[in-house]
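Chain residues, written in single-letter form:
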Amino acid sequence: MNSSYERLVEIVKKLRSPEGCPWDREQNLYSIKEHFLEEAYELLEALDNEDIEHVREELGDVAFHVVFHGVMAEEEGKFSLEEALDLVSEKLVRRHPHVFGDAAVNNSEEVVESWEKIKAEEKKNSRKSVLDGVPATLPTLPTARKLQEKARKVGFDWDSKAQCMDKVNEEFGEFTEAVLNGSREEIEHELGDILFALVNISRFLDVDSDEALRKCNSRFVSRFDYIGKRLKEKGMAYEEASLEEMEELWQEAKKTEAG
């Protein structure tokens, strides 16, 4: 393991050297964060598809970015990659006293409770609000869930799924009214409330709303491609088909998918 890590570090350092790659030399600690995020999402897609070959490949790409950022940070005199690794190692040991100490837990729920308590103690002097600690760059659905979970810890939460569903229905009614009578600003406001309420009910149902939407997007792509394939078999393009014809093929795609 160490030799693979050391080899990757040496390759990155070579890329950054005067004899290396012009593009890699031009980068700094802040210039390729979008690339890092893209690689993380490609890994997520491979995991969603349970595509082990691509999981291995994308995991390597993510590891490259970790090393790349570590090497650049060290070059800029900010910190070393080893310091970052030591920091996370210390954090893992500190937050698992039931593994590395003499604390006792009975199940994974107690593990999470213990983790959150230790984390809260670590952050108590650096956070001004109960809702602090949710990254601003996190996608919106996971952000909503994180905010709701933080509010729940201090007792601000619904008591049941039924109450959540009542709120969804209430928000949908307000959204419908805004669509009929409101301004664009009001419509946007009510649409946001519906989405937030849907994240809430998904949390109560223990369903990941972000994953649910990703899978829905994937189904849409698959079914739409099916429509294109069937139209091509008929010698037609999308633009030549009526909405009714495409809807019929959409339903056919759903049946094929279910079968």
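What this report covers is the structure whose coordinates are included nearby.

**A closer look at the overall build of the chain**
Consideration 1: Helix and strand counts for the chain stand at twelve helices and zero strands.
Consideration 2: Secondary structure of the chain in N-to-C order comes out as α-α-α-α-α-α-α-α-α-α-α-α.
Consideration 3: Radius of gyration (C-alpha) of the chain: 24 Å, far over the 18 Å computed for a compact globule of 259 residues.
Consideration 4: Considered along the principal axes of its C-alpha atoms, the chain spans approximately 60 × 55 × 40 Å.
Consideration 5: Counting all 259 residues of the chain, 23% fall into the buried class.
Consideration 6: Residue pairs in contact within the chain that sit at least 24 positions apart in sequence constitute 51% of those at least 6 positions apart.
Consideration 7: Split by element, the accessible area of the chain, about 18,500 Å² in all, is 56% carbon and sulfur.

**Digging into the packing of aromatic side chains**
Consideration 1: For the structure shown, the criterion picks out five aromatic pairs.
Consideration 2: A centroid spacing of 4.6 Å and a plane angle of 10° characterise the contact between Phe 224 and Tyr 238, whose relative ring orientation is stacked. Of this pair, Phe 224 sits in helix H11 (residues 209-233) while Tyr 238 sits in the loop between H11 and helix H12 (243-258), placing them 14 residues apart in sequence.
Consideration 3: Joined through ring pairs, the aromatic side chains of Phe 220, Phe 224, Tyr 238 and Trp 250 make up one cluster.

**Description of the environment of Cys 164**
Consideration 1: Take Cys 164: it is sitting in helix H9 (residues 161-181).
Consideration 2: Considering only alpha carbons, one finds Cys 164 and Ser 202, 38 residues apart in sequence, at a separation of 9.2 Å.
Consideration 3: Sequence-distant contacts of Cys 164, that is, excluding residues within four places in its chain, are made with Trp 158, Asn 200, Ile 201 and Phe 204.

**Observations regarding the packing of H9 against helix H10 (residues 184-204)**
Consideration 1: Relative orientation of the contacting elements H9 and H10 amounts to 165°, with a least axis distance of 9 Å. In this view, H9 runs roughly antiparallel relative to H10, as classed from their interaxial angle. Our pair here, H9 against H10, has a crossing hand that is left-handed. Note on element contacts: H10 touches H9 through Glu 186, Ile 187, Glu 190, Leu 191, Asp 193, Ile 194, Ala 197, Leu 198, Asn 200, Ile 201 and Phe 204, opposite Lys 161, Cys 164, Met 165, Lys 167, Val 168, Glu 171, Phe 172, Glu 174, Phe 175, Ala 178 and Val 179.
Consideration 2: Class assignment of the residues belonging to the contact of H9 with H10 gives a composition of 14 nonpolar, one polar and seven charged.

**What about unusual backbone geometry?**
Consideration 1: Backbone geometry places Glu 50, a non-glycine residue, at a positive phi of 50°.
Consideration 2: Within the fold, Glu 50 resides in the loop between helix H3 (33-48) and helix H4 (52-75).
Consideration 3: Even without glycine at this site, Asp 206 takes up a positive phi of about 60°.
Consideration 4: In this structure, Asp 206 sits in the loop between H10 and H11.

**A word on the side chain of Arg 203**
Consideration 1: Here Arg 203 is to be found in helix H10.
Consideration 2: Here Asn 200 takes part through its side chain, which lies 2.4 Å from a polar atom of the side chain of Arg 203.
Consideration 3: Excluding residues within four positions of it along the chain, Arg 203 makes contact with Arg 145, Gln 148, Glu 149, Arg 152 and Asp 157.

**Some points on the side chain of Arg 95**
Consideration 1: Inspection of the secondary structure assignment puts Arg 95 in the loop between helix H5 (81-94) and helix H6 (97-100).
Consideration 2: Under the relative-accessibility criterion, Arg 95 is labelled buried at 5%.

**Thoughts on the pattern of salt bridges**
Consideration 1: Within the structure shown, the criterion is met by 18 salt bridges.
Consideration 2: Here Glu 233 ties to Arg 230 by a salt bridge, and the two come within 2.9 Å at their closest N and O atoms. Taken together, the residues Glu 233 and Arg 230, both in helix H11 and three residues apart, mark about one turn of the helix.
Consideration 3: Arg 230 sits in the partly exposed class, given a relative accessible area of 21%.
Consideration 4: Note that Glu 252 and Arg 230 form a salt bridge whose closest N and O atoms lie 2.8 Å from each other. Taken together, the residues span a long stretch of sequence, with Glu 252 in helix H12 and Arg 230 in helix H11 at a distance of 22 residues.
Consideration 5: With a relative accessible area of 27%, Glu 252 lands in the partly exposed category.
Consideration 6: One network of salt bridges, with partners in common, ties together Asp 48, Asp 210 and Arg 214.

Thresholds applied
- Residues numbered from 1 in each chain as written.
- Predicted model: local features only at pLDDT ≥ 70, side-chain atom pairs only at ≥ 80, totals over all residues.
- Heavy atoms only, no water.
- Helix = DSSP H or I, 4+ residues; strand = E, 2+ residues; numbered from the N terminus.
- Rg over C-alpha atoms; globule rule 2.2 N^0.38 Å.
- Buried < 20%, exposed > 50% of the residue type's maximum accessible area, 1.4 Å probe, protein only.
- Contact = heavy atoms within 4.5 Å.
- Areas by Shrake-Rupley, 256 points an atom, 1.4 Å probe, with all protein chains shown as cover.
- Phe/Tyr/Trp six-rings, centres within 6.5 Å; stacked < 30°, edge-to-face > 60°.
- Axes fitted to C-alpha atoms, helices over the stretch in contact; angles between N-to-C directions.
- Parallel < 35°, antiparallel > 145°, perpendicular 65-115°, else oblique.
- Left-handed = near helix turned anticlockwise from the far one by under 90°.
- Nonpolar A, V, L, I, M, F, W, Y, C, P; charged D, E, K, R; others polar.
- Polar contact = N/O pair within 3.5 Å; in protein donor to acceptor, adjacent residues only side chain to side chain.
- Salt bridge = Lys/Arg side-chain N within 4 Å of Asp/Glu carboxyl O.

Geometric values such as these leave the question of function open.
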